[in-house]
Amino acid sequence: MTAVVIDGNAIAQEIRAEATQAAADLQARSGVAPGLAVVLVGDDPASAVYVRNKERACREAGIRAETLNLPGDTSQNEIIAAVRRLNDDPAVHGILVQLPLPSHVDERSVILSLDPDKDVDGLHPVNVGRLVQGEPLFVPCTPWGIQEMLVRSGHSPEGKHVVVCGRSDIVGKPVAMLLVQKQTGANATLTMCHTGTADLAAVTRTADILVVAIGRAEAVTADMVSEGAVVIDVGINRVDDATRQRGYRLVGDVDYRGVSEKAAAITPVPGGVGPMTVAMLLKNTLRAAERAIAGAGV
Ligand code: NAP
């Protein structure tokens, strides 16, 4: 079997077009342009690229985007003070703190300082709790992108056995919580794996849909996947490559070539989950703006 490629760029483009239309409608209706503020601390090159992509996508969709660039040695209290100022700014509807933060900063404290009504990354405990209880306000962008990708490519998780590898707060846990809900586009049977899983391959081979978010380059190999599975590769890893001008290439957590021979469908890296994450950020920012205009609160 040779897997069908699930084209994240194409699906994300579809969603971005929907967001562009929604932003124009909102502006025509209310006179308000939706606004996103990104907080970027330090000069991590990968984070800078992600932030630039998010800014560009916002502008193309008619969403105002401003990035607050703070030096890498900014104290935790100063970062929290900056977030609070954005919380209080009525022109800012959504706030995204680009992770990871420098090691001297407790990410949890910064996330706790976000207004849950502006938390477009869905990481504040209020939003996590709402997701768990099946009444999400802002679903984290990457998990939501994975769900949209599955549904829009004709691989709805409903009734399927989904195995999620990885239990981070950003990807693994929320994607599992999202797909297990008793809702259309979800309703899956869920298994989660992590470094404490005794026999990872034995579990991943039982998956109808395998979501891999472990941050280990090409770690999931063909022998770990059953014939006909749908494979979503969330990983983004840099591996040295002297043949490339920049000296590296990006690979996922899945051995794409080997697994493509067995899976029914697979997401590429790049061009898979990455663009979906950006597209869902636009949707969440619009939701935040619509709620602010309607005067809704958590
Ligand atoms: P993370 O915080 O490092 O978490 C990794 C998770 O994988 C942990 O739960 C860890 O288990 C588990 N794990 C690690 N090695 C494992 C192994 N050999 N077997 C089973 N489980 C293992 O990573 P993350 O933030 O979720 O990110 C995962 C990957 O997705 C990274 O490559 C990241 O760059 C990428 N990512 C992509 C996007 C996107 O938009 N495409 C967004 C976010 C992240 P323990 O809990 O037991 O340590």
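Heads up: the structure comes first, above all this text.
The sections below set out a description of the structure shown in this document. Given the structure is predicted, the values throughout are model-derived calculations rather than measurements. (Residues numbered from 1 in each chain as written. Predicted model: local features only at pLDDT ≥ 70, side-chain atom pairs only at ≥ 80, totals over all residues. Heavy atoms only, no water.)

Helix and strand counts for the chain come out as 10 helices and 11 strands. For 298 residues, the compact-globule formula gives about 19 Å, and the C-alpha radius of gyration of the chain, at 19 Å, lands near that figure. Each principal axis of the C-alpha distribution contributes one length, and for the chain these read about 50 × 40 × 35 Å. Across the 298 residues of the chain, 50% fall into the buried class. Long-range pairs, those at least 24 residues apart, make up 71% of the contacts in the chain with a sequence separation of at least 6. Only carbon and sulfur atoms are counted for the fraction: they give 51% of the accessible area of the chain, which is about 13,400 Å². (Helix = DSSP H or I, 4+ residues; strand = E, 2+ residues; numbered from the N terminus. Rg over C-alpha atoms; globule rule 2.2 N^0.38 Å. Buried < 20%, exposed > 50% of the residue type's maximum accessible area, 1.4 Å probe, protein only. Contact = heavy atoms within 4.5 Å. Areas by Shrake-Rupley, 256 points an atom, 1.4 Å probe, with all protein chains shown as cover.)

Bringing unusual backbone geometry into the picture now. A cis geometry characterises the amide bond from L99 onward to P100, with omega recorded as 0°. Structurally, the position occupied by P100 is in the loop between strand 4 (94-97) and helix 4 (107-112). That bond from V269 to P270 is cis: its omega, -5°, falls within 30 degrees of zero. You can see P270 is positioned in the loop between strand 11 (265-266) and helix 10 (273-294). Backbone geometry at N187 places phi at a positive 55°, although glycine is not the residue there. Mapped onto the secondary structure, N187 falls in the loop between helix 7 (172-179) and strand 6 (189-193).

This part is about the side chain of H93. In this structure, H93 sits in the loop between helix 3 (76-88) and strand 4. Taking relative accessible area as the criterion, H93 reaches 5% and is therefore assigned buried. Once residues within four sequence positions are removed from consideration, H93 is found in contact with V32, A33, P34, G35, R64, D117, K118, T285, A288, A289 and A292.

As a further point, take the nonpolar core. By size, the foremost hydrophobic cluster in this structure holds 52 residues, and its most contacted members are L36, I63, I146, V211, I232 and V234. Among the elements that line this core, the one with the most residues is helix 10, at 10 residues. Setting aside residues up to four positions removed in sequence, I63 forms contacts with A23, P34, G35, L36, C58, L282, T285 and L286. (Core = buried A, V, L, I, M, F, W, Y, C linked by side-chain atoms within 4.5 Å.)

Now for the site of the ligand. If you check the shell around the ligand, you find 20 residues, and the closest are R167, S168, T195, V234 and T277. Interatomic distance of 2.4 Å between a side-chain N/O atom of T195 and an oxygen atom of the ligand. Contact with the protein chains covers 70% of the free accessible surface of the ligand, which is 930 Å². It is helix 10 that contributes the most residues to the shell around the ligand, three residues altogether. When the residues that make up the shell around the ligand are grouped by side-chain class, the tally is seven nonpolar, 10 polar and three charged. (Near = heavy atom within 4 Å. Polar contact = N/O pair within 3.5 Å; in protein donor to acceptor, adjacent residues only side chain to side chain. Nonpolar A, V, L, I, M, F, W, Y, C, P; charged D, E, K, R; others polar.)

Our focus in this paragraph is the packing of aromatic side chains. Given two aromatic rings, one states the distance between the centres and the angle between the planes to describe the pair. Taken as a whole and assessed by the stated rule, the structure comprises zero aromatic pairs. A cation sits over an aromatic face here: R238 above Y248, 4.2 Å from the ring centre. (Phe/Tyr/Trp six-rings, centres within 6.5 Å; stacked < 30°, edge-to-face > 60°. Lys NZ or Arg CZ within 6 Å of the ring centre and 35° of its normal.)

With that settled, consider helix 2 (residues 45-61). A rise of 1.5 Å per residue sets the reference length of helix 2, with its 17 residues, at 24 Å; its end C-alpha atoms lie 25 Å apart and thus fit the reference within 8%. Summarising the contacts, the buried residues of helix 2 are in contact with helix 1 (8-30), strand 2 (35-41), strand 3 (64-70), strand 4 and helix 10. (Expected span 1.5 Å × (residues − 1).)

The next subject is a nonpolar patch on the surface. A surface patch of nonpolar side chains, about 270 Å² in accessible area, is lined by V128, V132, M177 and V180. In this fold, V128 is placed in helix 5 (residues 125-132). (Patch = residues over 30% accessible without salt bridge, like charges linked within 9 Å, V, L, I, M, F, W, Y side chains within 5 Å. Salt bridge = Lys/Arg side-chain N within 4 Å of Asp/Glu carboxyl O.)

Moving on: the sheet that holds strand 6. One open sheet accounts for six strands, arranged 1-11-8-7-5-6; its pairing is parallel. Of all the strands in the sheet, the pair left with one neighbour each is strand 1 (4-5) and strand 6. Note that strand 8 (residues 230-233) and strand 11 share two bridges and pair parallel. Within strand 11, the residue paired with V231 across the bridge is I266. Sitting on the sheet, helix 7 is in contact with strand 5 (161-165), strand 6 and strand 7 (209-212), with an inclination near 170° to strand 6. (Pairing = 2+ DSSP bridges. Axes fitted to C-alpha atoms, helices over the stretch in contact; angles between N-to-C directions.)

For the rest of this paragraph, the subject is the sheet that holds strand 3. Pairing is parallel across the open sheet formed by three strands, whose spatial order is 3-2-4. The strands lining the two open edges of the sheet, one partner per strand, are strand 3 and strand 4. For this sheet, the mean inter-axis angle between neighbouring strands, taken without regard to orientation, is 20°. Seen against the sheet, helix 2 touches strand 2, strand 3 and strand 4 and runs at an angle of roughly 160° to strand 3.

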